[in-house]
Amino acid sequence: MLQPFEINEKLTNERIDTVGQLLVEAHNEVIDKEEIYDNGWSTGCRSYAWRSSKVSQAVDSGEFPWLSIIDGSLRFIFSIGGTPVSMFRGNTDKPKQNILSRATSYPELRQFGLFTELEDIPNVVWSYAMETGPGGEVLSLQFVGLTDFGEVIAQRDVPVDEMLTPLSSIYDEEYKPVSLPAASVSIRQTPRPKTGNDEETEENRMAGNDDSGR
Amino acid sequence: MNTPEFFGDSLRIARLTSGISLQELGERVGTTRQYLSQLETADKKPSADLLDALSFELGVTPGFFSRAIGNTVKDEECHFRKLSSVPMYSVRECTARITLVHKIVDALGQHLELPQVNFPDFGPIETSLDAAIAAKRCREYWGLGKGPIESVARVIEHAGGVITSLGDISEKVDALSVHRERPIIVINSKKNSPRLRFDLAHELGHMVMHKGVESGCRDTESQADQFASYFLFPQEALLTSYRPSSRISWQSIKQIKVKWGISMRAIVFRLRQANLITPSQYRTANITLSKKGSRSEEFDDLVIREKPELLRNSFELLGETFGSSFGGIFERLGISRQIIGTLTDTSDLLMNTQWETNDNIVAFPSQVT
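Report on the accompanying structure. (Residues numbered from 1 in each chain as written. Chains lettered and ligands numbered in written order. Predicted model: local features only at pLDDT ≥ 70, side-chain atom pairs only at ≥ 80, totals over all residues. Heavy atoms only, no water.)

This part takes up the overall build of chain B. Each helix and strand in chain B was counted, giving 19 helices and 5 strands. Over its C-alpha atoms chain B spans a radius of gyration of 23 Å, differing by no more than 12% from the 21 Å that the globule rule assigns to 369 residues. Overall, the C-alpha framework of chain B stretches about 85 × 45 × 40 Å when taken along its three principal axes. Burial status across chain B gives 58% buried among its 369 residues. Restricting to contacts in chain B with at least 6 residues of sequence separation, those with at least 24 account for 71%. Surface exposure of chain B reaches about 14900 Å², of which carbon and sulfur atoms provide 49%. In chain B, which carries 44 positive and 45 negative side-chain charges, the distance between the mean positions of the two groups comes to 9 Å. (Helix = DSSP H or I, 4+ residues; strand = E, 2+ residues; numbered from the N terminus. Rg over C-alpha atoms; globule rule 2.2 N^0.38 Å. Buried < 20%, exposed > 50% of the residue type's maximum accessible area, 1.4 Å probe, protein only. Contact = heavy atoms within 4.5 Å. Areas by Shrake-Rupley, 256 points an atom, 1.4 Å probe, with all protein chains shown as cover. Lys, Arg positive; Asp, Glu negative; His and termini not counted. Charge placed at Lys NZ, Arg CZ, Asp CG, Glu CD.)

Spelled out as structure tokens, the structure:
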């Protein structure tokens, strides 16, 4: 499987992981704030909205000059290094059809010798695919290049296991970590005499020592 | 000519520490197990040659046998975590080793100012609730506040406790503690970080709740677990760190794990206790954690690993002050530095060539461990 940067050099692993981190953070924040009346559908909608907002916020911050918004509506398409990117929840085996419809021609694919049996090189769309577990937790986040007939031609697994959003500030303020220095040890000025522990008592001598088996 | 005294108990402790059976030792020194048994238990003395052979095989000086071992540690003095499943010979090997650790610590105390022993006594404990209260009071007693404790080992060592893993024996006996004038905790350092922290807090629980109480039964172990859980993660913190919802928040559980250094399973148990998750969520959570390939060990490496320092720092100070003689502690104890290194997890330090100054080094018989 090709890496995205092999097809498009603007799609570096670092950039993909940076945006991936934003998406996972946004999703986790939604899961953390789930209310008792939420269900999978409402949480999914909020997660989509929060992820979009998180990316928009990152664009506004100016911290990532290679990140921009192409379509800020509910279709939400952003770009990494000028390349359009979408996102969907689910796994890459079943990509969302509306995502595939956004595939555009990718002449660069010719050089890889793929699709030699086809008359025309297929169109490609780039997207994040977030897979979640029964508890709503992120199981995997993949950045994939999909052809317009749903085949994955390039993939980057974003290392989600290493991502953990920080606890809320109120939590941090109230419970500062307890940090102690190592227990102090120093040389005695006058050596202490031996304790009575070195003297054997009659009781100890008489204690049963029945361990002849070992 | 007066022959030196011979103490069978000292032979027994040295043999058990080395993990050698009477039969095996007999074969090595050319005598019978019955005779060795008599040496250990009856008022008999070995010949000078046999004494040398025993000292060679057991890594102690002949003089070690002519000194009373003192107050040996008894099985019932130890709070074994899993006494019922530990073979008796491992228990004896362990208590023998702890007896020597006591002697080593006592010898260290002759040259060094060690932390003063200061453990509160919250016993007797009757219920799990008492244990949770004891955990809270323990934090208050030492002024630890309500936050995550970065190092439980340091808390214990500040209070004068000694922590070691006794070499490989701790893998057989899990964790245990002995409550003498200066308490000793034995840990299994192979465990993952959250588990190691929990074990230390569990043994601390025994120290402050079960003084003079024979532990190992379900009640005392469950009380020590309860203590550990509340000591590491106070109830107030639990209530403010988790928001109940229709689904289990694994993200919150992971955050709690990293912040407080407590396993996901322990957190899930506490969430149920506090009624923050439903019985059905508790069941689902445990199934998820038990599933093959579950992520229950996730973020273990983000939890600060507990590292006992008191014994290591003590030997380091002796090395810096006295060079490779370490103030003559090995000769005074009559135990080789290899064995002392194993018992105190300081082999690398004691055998390090950096201490090889021009002071006198008394040779020991070649090592048996």
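So that's the structure; there's more coming.
This paragraph deals with the nonpolar core. All names here are of chain B. Counting residues in hydrophobic clusters, the biggest one holds 59 residues, and the most contacted among them are Leu54, Phe65, Ile98, Phe315 and Ile329. Among all residues touching Ile329, those that are not within four sequence positions of it are Ile104, Ala107, Leu108, Phe315 and Leu318. One finds Cys138, Ile149, Val152 and Val208 within the second-largest nonpolar core, a separate group that totals 33 residues. (Core = buried A, V, L, I, M, F, W, Y, C linked by side-chain atoms within 4.5 Å.)

Here we take up the side chain of Ser21 of chain B. All names here are of chain B. Positionally, Ser21 belongs in the loop between α1 (8-18) and α2 (22-29). A relative accessible area of 12% places Ser21 in the buried class. A polar atom in the side chain of Ser21 sits 3.1 Å from the backbone nitrogen of Glu24. (Polar contact = N/O pair within 3.5 Å; in protein donor to acceptor, adjacent residues only side chain to side chain.)

Here we come to the pattern of salt bridges. Side chains that differ in charge, positive against negative, can pair when their charged atoms come close. Residues and elements named next belong to chain A. Within the structure shown, the criterion is met by 17 salt bridges over all chains. Put simply, Asp17 and Arg156 hold a salt bridge, and the shortest N to O gap is 2.5 Å. Within this pair, whereas Asp17 is found in helix α2 (residues 13-32), its partner Arg156 is found in strand β7 (residues 152-158), the two being separated by 139 residues in sequence. In terms of burial, Asp17 and Arg156 fall into one category: buried. (Salt bridge = Lys/Arg side-chain N within 4 Å of Asp/Glu carboxyl O.)

Between its first and last C-alpha, α2 of chain A extends 28 Å over 20 residues, near the 28 Å set by a 1.5 Å rise per residue. Of all 20 residues that make up α2 of chain A, 14 are buried, and the element is covered over most of its length. (Expected span 1.5 Å × (residues − 1).)

What follows covers the packing of aromatic side chains. All names here are of chain A. The final tally for this structure, using the stated rule, is 14 aromatic pairs over all chains. Their ring planes at 25 degrees and their centres at 6.3 Å tell us that Phe78 and Tyr128 sit as a pair that is stacked. Here Phe78 is found in strand β2 (residues 77-80), whereas its partner Tyr128 is found in strand β5 (residues 123-132), with 50 residues between them in sequence. The buried category is assigned to Phe78, whose relative accessible area is 0%. (Phe/Tyr/Trp six-rings, centres within 6.5 Å; stacked < 30°, edge-to-face > 60°.)

A few words on the pairing of β7 of chain A. Residues and elements named next belong to chain A. With 6 of its 7 residues buried, β7 lies for the most part within the structure. In terms of strand pairing, strand β6 (residues 138-147) meets β7 through 6 bridges, oriented antiparallel. Across the sheet, the residue bridging to Leu141 is Val158, located in β7. Counted along the chain from β6 to the antiparallel partner β7, the turn is 4 residues long, and its residue Gly150 has a positive phi close to 90 degrees. (Pairing = 2+ DSSP bridges.)

The linkage connecting Gly123 of chain B with the following residue, Pro124 of chain B, adopts the cis geometry, with an omega of -5 degrees. Mapped onto the elements, Pro124 of chain B comes out in the loop between β2 (112-113) and α7 (128-141). Here the phi dihedral of Phe76 of chain A falls at roughly 35 degrees; this positive angle occurs in a residue that is not glycine. Along the chain, Phe76 of chain A turns up in the loop between β1 (67-71) and β2. By relative accessible area, Phe76 of chain A is classed as buried at 1%. Despite not being glycine, Asp345 of chain B shows a phi value in the positive range, around 60 degrees. When you line up the elements, Asp345 of chain B lands in the loop between α18 (337-344) and α19 (347-350).

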